[in-house]
Amino acid sequence: MKKTYYFNIFLIFIISITTNFYFGSIGVFPIDTFAFFDSANFINKGFLPIRDYWTSNGFLVDLIQSVFFKFFGTNWTVYLLHSSLVNFFLAYLTYKFLLSENLKPIHSLFYSISVAILAYPSAGVPFSDHHSLIFSIISIFLLIFFIKKKLYYNLYLSIFFLIIAFLCKQVPAGLFFIFCTAIILIFSFKKKKFSYFKNSFLFSIILLSIIAASLIITQIGIKNFLVQYIYFPLTIGGERSMSFELKYLIKSFTGEYKYFLLLIFALLYQSYRKSKKINILDTNIILILASIISIFNQEIMKNQNIIFFLLPILIAIFQSKINLKDKSRRNLLIIFIVTFNIFIVSKYNERFNIDRKFMDLQDINKQNYVMAERISKNLKGLRWVSLASETYLKNEIILLKKSMEYLKQNSDNSFIITEYQFINSEINSKIYSPNRWYTTDGVSYPLKKNKYRKYYLKFYKDKIIKNDIEKIFTIYPLNENVFDFVLKKDCFTTTRINEILFEHKLNNCKD
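Residues numbered from 1 in each chain as written. Predicted model: local features only at pLDDT ≥ 70, side-chain atom pairs only at ≥ 80, totals over all residues. Heavy atoms only, no water.

Asker: Please clarify how the pattern of salt bridges should be interpreted in this entry.
Answerer: Side chains that carry opposite charge are capable of pairing whenever their charged atoms lie near each other. Under the defined criterion, the tally for this structure stands at twelve salt bridges. Where Glu101 meets Lys321, a salt bridge forms, and the shortest distance between an N and an O atom there is 3.7 Å. Highlighted residues: Glu101 in the loop between helix H5 (76-100) and helix H6 (105-118) and Lys321 in the loop between helix H15 (310-320) and helix H16 (327-354), separated in sequence by 220 residues. Three or more residues are tied together by salt bridges with common partners; here these are Arg51, Asp52 and Lys466. (Salt bridge = Lys/Arg side-chain N within 4 Å of Asp/Glu carboxyl O. Helix = DSSP H or I, 4+ residues; strand = E, 2+ residues; numbered from the N terminus.)

Laid out in structure tokens, this is it:
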């Protein structure tokens, strides 16, 4: 039995890692593909998120990636190793979870591998949305373990992973935190043992105190953290939730999420049939509510979809609770369920992994790639094909190489503003970026009408002064519009270096 267990874990490990490496190395969508590459490398050079560069999410993803780079080197393989191991961790805990739900090892293996195929490979690279959702689901597994076994370490681990998820991205982790708190309260009342809630509250306070102390010691500052990571994102989330309408969620349930709807009804029926009532502490109900939270968050965020890896988990739980005495009918139903799961995995593997829909590469020919080591030695293993190179920037690779050659000659303290956030790691100079993200939709940093705009302007100017910045470089599609609202119009002079690279020399911009 132990040999089977370890062999299954080995299979899960191999498939989780290789699948993520393979699909993660197909194509690039620069702003997402390299979101945590340079920023993690900055940390190893003494810069810290929030303190030295503005970031509204992904705080812990940067820190974790910096550890990988520190010990294994700054390159594409190590970049994907991070996300691949998270993918394995989720698949492994899914396997453990399904075994605890009395699903046979062979079926637990099958569904865990299904999760590994659909979870992280849609992005491939480390990404805050994936980290937050995956660690939130892991927290749910651990909470269910606690409800069943009443072992405190499961409760504490559940809280720990929720906070980890929140430090990766505020949502959906924040929504799951509220949900888990409610579950712990209900469980405490039901068992008439309020020490469960009290101890979980005290443990949360201890963890938050450790985080607060770390912010003070590293000089990130509690206020800076609250403004960048809590208050400013709330203004974004508030605007999005105001624009959300229930009718769109209903429409999504009957369209994009129809398989979720089908499984939710099946699990509800199964749970009700078992006890003739709906018990919120039942595994079926907890996973149903977790799925609804994930769907709600997906609709609010309006990002590419990442939640379909939950479907194999729901299917597996339904199978684990089948209670048919007729063996032939039971086997027939299991065959149908397994076939349904194969259909689900095949469908979403094609859409998100093969077509690379999450990276908006579904409409380009992925066979027209160039090995990215031609651009940067740090990108060995990446097959470079992008929307830009396939449409409006045919000579993208040549221009990137020319731009990096020019930047390597720069000896002045500089900012570089680009979506190709591997360039700093390649040129290895005094160039630095004051933001992780550069988008114009108000998500990356406060725009004109945002109440934290003045705070951001001060932050940006302080970085110019502190780092004695003499030049700002921008690389197309970004230009001076991403910083000219911070500086006076007459305090910088722009020179075009090539088709995509622009140099903006600062002249008395420190007022």
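So, next bit.
Asker: Explanation requested: the nonpolar core in the structure shown.
Answerer: As a rule of thumb, soluble globular proteins bury nonpolar side chains together. With 168 residues, the main nonpolar core has Phe309, Trp384, Phe422 and Ile423 as its most contacted residues. The dominant element in this core, judged by the number of residues it contributes, is helix H7 (residues 128-149), at 13 residues. (Core = buried A, V, L, I, M, F, W, Y, C linked by side-chain atoms within 4.5 Å. Buried < 20%, exposed > 50% of the residue type's maximum accessible area, 1.4 Å probe, protein only.)

Asker: What should I look at first to understand the packing of H6 against H15 in this one?
Answerer: Between two packed helices, both the angle of their axes relative to each other and the distance between the axes serve to describe the pair. Between H6 and H15, the shortest axis-to-axis distance is 9 Å and the interhelical angle comes to 165°. Compared by their axis directions, H6 and H15 come out roughly antiparallel. Helix-helix and strand crossings are classified by hand; for H6 and H15 the assignment is right-handed. Here His107, Tyr111, Ser114, Val115 and Leu118 of H6 lie close against H15, whose contacting residues are Pro312, Ile313, Ile315, Ala316 and Gln319. (Axes fitted to C-alpha atoms, helices over the stretch in contact; angles between N-to-C directions. Parallel < 35°, antiparallel > 145°, perpendicular 65-115°, else oblique. Left-handed = near helix turned anticlockwise from the far one by under 90°. Contact = heavy atoms within 4.5 Å.)

Asker: Just checking my understanding: could you explain the pairing of strand S8 (residues 501-506) for this structure?
Answerer: As a general feature of sheets, a regular strand has side chains that alternate between the two faces. For S8, the tally of buried residues reaches five of six residues, placing the bulk of the element in the interior. Note that strand S6 (residues 471-475) and S8 share five bridges and pair antiparallel. Its bridge partner lying in S8, Lys471 is registered against Lys505. Relative to S8, strand S7 (residues 492-496) runs antiparallel, the two sharing five bridges. Bridged to Thr493 within S8 is Lys505. Hairpin connection between S7 and S8: a loop of four residues separates the two successive antiparallel strands. (Pairing = 2+ DSSP bridges.)

Asker: What should I look at first to understand the packing of aromatic side chains in this one?
Answerer: We describe a pair of aromatic rings using the distance from one ring centre to the other and the angle between the two ring planes. What the rule picks out here adds up to 57 aromatic pairs. On the numbers, 5.9 Å between centres and 65° between planes, the contact of Trp54 with Phe232 is edge-to-face. Of this pair, Trp54 sits in the loop between helix H3 (37-43) and helix H4 (59-72) while Phe232 sits in helix H11 (residues 222-242), and the two are 178 residues apart along the sequence. Residue Phe232 is classed as buried on the basis of its relative accessible area of 0%. Ring plane angle 40° and centroid distance 6.3 Å describe the contact between Phe146 and Tyr152, whose orientation is recorded as tilted. For Phe146, a relative accessible area of 1% translates into the label buried. Above the plane of the ring of Phe145 lies Lys149, whose end atom (NZ or CZ) is 5.4 Å from the centre. Stacked on the ring of Tyr22, the Lys or Arg Arg383 has its end atom at 4.9 Å from the ring centre. (Phe/Tyr/Trp six-rings, centres within 6.5 Å; stacked < 30°, edge-to-face > 60°. Lys NZ or Arg CZ within 6 Å of the ring centre and 35° of its normal.)

Asker: What is the right way to look at the state of the cysteines in this model?
Answerer: Simply put, disulfide is the name for a covalent bond between the sulfur atoms of two cysteines. Applying the stated criterion across every chain, the model contains zero disulfides. Of all cysteine sulfurs in the structure, the one in Cys180 sits closest to Cys168, which takes part in no disulfide; the separation is 16 Å. Among the residues examined, Cys168 registers a relative accessible area of 0% and is labelled buried. Residue classification places Cys180 among the buried residues on the basis of a relative accessible area of 2%. (Disulfide = S-S within 2.5 Å.)

Asker: Where do I start with a nonpolar patch on the surface in this structure?
Answerer: Together, Phe7, Phe10, Phe13, Ile14 and Leu85 make up a nonpolar patch on the protein surface, roughly 440 Å² of accessible area in all. With four residues, helix H1 (residues 2-24) is the largest single contributor of residues to the nonpolar patch. (Patch = residues over 30% accessible without salt bridge, like charges linked within 9 Å, V, L, I, M, F, W, Y side chains within 5 Å. Areas by Shrake-Rupley, 256 points an atom, 1.4 Å probe, with all protein chains shown as cover.)

Asker: Sorry, what's going on with the sheet that holds strand S2 (residues 370-371) here?
Answerer: Think of a sheet as strands paired side by side through backbone hydrogen bonds, with each pair either parallel or antiparallel. Strand order in the open sheet formed by three strands is S1-S3-S2, and the pairing between neighbours is mixed. Only two strands of the sheet have a single neighbouring strand rather than two, namely strand S1 (26-28) and S2. Pairing analysis gives two bridges linking S2 to strand S3 (residues 383-386), with the strands arranged antiparallel. By the bridge assignment for S3, Met371 is matched with Arg383.

Asker: Where do I start with a positive patch on the surface in this structure?
Answerer: On the surface, a cluster of positive charge is made up of Lys150, Lys190, Lys191 and Lys277. Here Lys150 lies in the loop between H7 and helix H8 (152-168). (Lys, Arg positive; Asp, Glu negative; His and termini not counted. Charge placed at Lys NZ, Arg CZ, Asp CG, Glu CD.)

Asker: Is there a simple way to explain the environment of Ser433 in this structure?
Answerer: With respect to the element layout, Ser433 can be found in the loop between strand S5 (431-432) and helix H20 (453-466). Beyond its immediate chain neighbours, meaning those up to four positions away, Ser433 contacts Phe42, Tyr53, Ile416, Asn424 and Tyr438. Of the polar contacts made by the side chain of Ser433, one reaches the backbone oxygen of Asn435; its length is 2.8 Å. A polar contact of 3.1 Å, which involves the side chain of Ser433, links it to the side chain of Tyr438. (Polar contact = N/O pair within 3.5 Å; in protein donor to acceptor, adjacent residues only side chain to side chain.)

Asker: Is there a simple way to think about the side chain of Asn450 in this case?
Answerer: By the secondary structure assignment, Asn450 is in the loop between S5 and H20. Relative accessible area serves as the criterion here: at 15%, Asn450 is assigned to the buried category. Among the polar contacts made by the side chain of Asn450, one reaches the main-chain amide nitrogen of Tyr452 at a distance of 2.9 Å. Aside from chain neighbours lying at most four places away, what touches Asn450 is Phe232 and Thr235.

Asker: I keep staring at helix H18 (residues 396-409) and nothing clicks. Help me out?
Answerer: The α-helix winds at 3.6 residues per turn, so residues separated by three or four positions along the chain end up facing the same way. With 14 residues, H18 extends 20 Å between its outermost C-alpha atoms, agreeing within 8% with the 20 Å of an ideal straight helix rising 1.5 Å per residue. Every buried residue belonging to H18 is among Glu396, Ile397, Leu399, Leu400, Ser403, Met404 and Leu407, and all of these are buried. One side of H18 carries all its buried residues, which in axial view fall inside an arc of 160°. (Expected span 1.5 Å × (residues − 1). Arc of directions from axis to C-beta.)

Asker: How should I be thinking about the packing of helix H9 (residues 170-191) against helix H10 (residues 195-217) in this particular structure?
Answerer: Contact pair H9 / H10: the axes reach a minimum separation of 8 Å and the direction vectors enclose 150°. Mapping the contact onto sequence places Phe177, Thr181, Ile184, Leu185, Phe187, Ser188 and Lys191 in H9 and Tyr196, Phe197, Ser200 and Ser204 in H10. For the contact of H9 with H10, the per-class residue count stands at six nonpolar, four polar and one charged. (Nonpolar A, V, L, I, M, F, W, Y, C, P; charged D, E, K, R; others polar.)

Asker: Any chance you could explain the sheet that holds S7 here in plain terms?
Answerer: The five strands are arranged S5-S4-S6-S8-S7 in an open sheet whose pairing can be described as mixed. Edge positions in the open sheet fall to S5 and S7, since each of these has one partner strand only. Along the sheet face, H18 touches strand S4 (414-417), S5, S6 and S8 and points at about 25° away from the line of S8. Its contacts with the sheet put H20 on S4, S5, S6 and S8, and the angle it makes with S4 is roughly 135°.

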